[in-house]
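# Structural features, examined
If you want the building blocks of each chain, they are given just below.
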Amino acid sequence: QVQLVESGGGLVQPGGSLRLSCTASGDIFSINAMGWYRQAPGKQRELVGIIPSGGSANYADSVKGRFTISRDNAKNTVYLQIGSLKPEDTAIYYCYALLRRRTMVTFSNYWGQGTQVTVSS
C-alpha cells in the first residue's frame, strides 16, 4: 500500500503566500519524480510542475516565477511554495509521484487526495 498525503491548503488573501507539503509512505522502493497538479472548478486537472529525483523542477508556463517546487528525498516529501496568489489559483492541488513499490518491478503513478486552496478577499 502507498499513500500520498497533502497538507497546507486553506483560505488565503490575494497577494499572499502558501506552502503545501506532500509525504509519500508505504511499501516504497524508489521514487522517481514528484510534483503537483491542480484542478480549478469546472476545469480539467492541469500540471503545476514536476521535480525529478536528482534534478531541477519544471513548471507550467502559467505558474513560472510564482511557484517553487522542492523535495526532501530522505523524507519522501515534496513541497509547493506559492507566492503572489491570485484568485485564479483557487483549485484543489494534488500531489503526484512516479514510484516503484517494493513488490513491483515497474514504476507507476500515484496521487494524493488533494488539498483545497482558495484565494479570496
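One structure accompanies this document, and this report is about it. Note that this is a predicted model, so its numbers are computed, not measured. (Residues numbered from 1 in each chain as written. Predicted model: local features only at pLDDT ≥ 70, side-chain atom pairs only at ≥ 80, totals over all residues. Heavy atoms only, no water.)

Let us look at the overall build of the protein. A tally of helices and strands in the protein yields 0 helices and 11 strands. Overall, the protein shows an N-to-C arrangement of helices and strands of β-β-β-β-β-β-β-β-β-β-β. For the protein, whose C-alpha radius of gyration is 14 Å, the value lies close to the compact-globule estimate of 14 Å for 121 residues. Its C-alpha atoms give the protein principal-axis dimensions of roughly 45 × 25 × 25 Å. Counting only residues that meet the buried cut, the protein has 43% of its 121 residues in that class. Within the protein, contacts between residues at least 6 apart in sequence are counted, and of these 56% link residues at least 24 apart. Only carbon and sulfur atoms are counted for the fraction: they give 46% of the accessible area of the protein, which is about 6,500 Å². (Helix = DSSP H or I, 4+ residues; strand = E, 2+ residues; numbered from the N terminus. Rg over C-alpha atoms; globule rule 2.2 N^0.38 Å. Buried < 20%, exposed > 50% of the residue type's maximum accessible area, 1.4 Å probe, protein only. Contact = heavy atoms within 4.5 Å. Areas by Shrake-Rupley, 256 points an atom, 1.4 Å probe, with all protein chains shown as cover.)

Another point: the pattern of salt bridges. Applying the stated criterion across every chain yields a total of 5 salt bridges. In this structure, arginine 101 and aspartate 27 form a salt bridge, with 3.2 Å as the shortest nitrogen-oxygen distance. With arginine 101 in strand E9 (residues 91-101) and aspartate 27 in the loop between strand E3 (18-26) and strand E4 (28-39), this residue pair connects regions lying 74 residues apart in the sequence. Relative accessible area serves as the criterion here: at 18%, aspartate 27 is assigned to the buried category. Put simply, arginine 38 and aspartate 89 hold a salt bridge, and the shortest N to O gap is 3.0 Å. In this pair, arginine 38 sits in strand E4 while aspartate 89 sits in the loop between strand E8 (77-82) and E9, placing the two residues 51 residues apart along the sequence. Residues arginine 38 and aspartate 89 agree in their burial class; the two are buried. (Salt bridge = Lys/Arg side-chain N within 4 Å of Asp/Glu carboxyl O.)

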